[in-house]
Amino acid sequence: MNPSIDISEAAGVRYLHFGSDWIQGAMRIRKPNALELAYTREMMAGLLLRDGLAEDGGHWPRKVLIIGLGAASLARYVHHSLPQSRIRVVEIAPAVVAAARQFFKLPVEDARFSVHIGCGAQFVLERDETWDYILIDGYDSRARAGPLDTLPFHQAVRSRLSDRGLMAVNLFGRSRGYKASLERIVRAYDDRAIAFPSCDSGNVVAFGAAGEAIERSVSELRERARWLKAATGLDLGPTVARLEQSGSLPGGVLRL
């Protein structure tokens, strides 16, 4: 699989396209390690939900699996901001990996960071390996997720999560299949799943949890967001505000 790759630039931001105007990824040229698109920032909201980083003295996530490379936004952020994390990226299209190396500052592969070219669903089904954080953002030029949007795939992902594991997936809230996609995730995680309110772009980020229960009050989420912004530059304050305003947190507490 090799989609048609187009690169554009505007106002200091470089964009990745798969043969259309639809944006597949973006990088601010002067701040390559920042997450330019709102939905990519929200995919890192697992850092609000699990204790880790130096703030708590522990390290979460230690192992990160990224399915779908795009413009390497998540790969760059995790590699730069979470130095304790080991990262494996799975990307089906060699041309996307080549474009990320040439135009989007893909980190150099080493013992800590590696790229596997192949199908993300097949990788999860065949590799008996556990991960703390699995990030799923795989679409073709027609916005189709294919095997990454099936119940067996999400069940397999859940089985690959560690005792403190989390999964985050990018969904299109304005697409016809959105509700069915979310229902599959909720079923795979036995209701331990939540969809954040959609971004302005229409993207919806859903999370699924395994192992240790999660319970965070709005005040805890706000405080954690402030700390993350100071420590890594990741601004999840707007995400917490939207969660609170949407009524998605019964009793003002996020439980997973």
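Residues numbered from 1 in each chain as written. Predicted model: local features only at pLDDT ≥ 70, side-chain atom pairs only at ≥ 80, totals over all residues. Heavy atoms only, no water.

### Let's talk about the sheet that holds strand 1 (residues 6-10)
Reasoning step 1: With antiparallel pairing, the 3 strands of this open sheet are ordered in space as 1-2-3. Both outer strands of the open sheet, strand 1 and strand 3 (23-28), are each paired with one neighbouring strand and no more. Sheet twist, expressed as the mean angle between neighbouring strand axes with direction ignored, is 25 degrees.
Reasoning step 2: The pairing of strand 2 (residues 13-17) with strand 3 spans 5 bridges and is classified as antiparallel. Bridge pairing in strand 3 places Tyr 15 opposite Ala 26. (Pairing = 2+ DSSP bridges. Helix = DSSP H or I, 4+ residues; strand = E, 2+ residues; numbered from the N terminus. Axes fitted to C-alpha atoms, helices over the stretch in contact; angles between N-to-C directions.)

### Side note on the pairing of strand 7 (residues 131-136)
Reasoning step 1: In terms of burial, strand 7 is a largely internal element, 6 of the 6 residues being buried.
Reasoning step 2: The sheet contact formed by strand 4 (residues 63-67) and strand 7 spans 4 bridges and is parallel. Pairing of Ile 66 across the sheet is with Leu 135, part of strand 7.
Reasoning step 3: Pairing between strand 7 and strand 8 (residues 161-172): 5 bridges, direction parallel. Of the residues in strand 8, the one forming a bridge with Ile 136 is Val 169. (Buried < 20%, exposed > 50% of the residue type's maximum accessible area, 1.4 Å probe, protein only.)

### Considering the packing of helix 9 (residues 218-232) against helix 10 (residues 237-246)
Reasoning step 1: Contact geometry for helix 9 and helix 10: axes closest at 9 Å, N-to-C directions at 165 degrees. Between helix 9 and helix 10, the crossing angle belongs to the class labelled roughly antiparallel. Crossing hand, helix 9 versus helix 10: left-handed. Two secondary-structure elements touch here, helix 9 through Val 218, Leu 221, Arg 222 and Ala 225 and helix 10 through Gly 237, Val 240 and Glu 244.
Reasoning step 2: Considering only residue class, the contact of helix 9 with helix 10 consists of 4 nonpolar, 1 polar and 2 charged. (Parallel < 35°, antiparallel > 145°, perpendicular 65-115°, else oblique. Left-handed = near helix turned anticlockwise from the far one by under 90°. Contact = heavy atoms within 4.5 Å. Nonpolar A, V, L, I, M, F, W, Y, C, P; charged D, E, K, R; others polar.)

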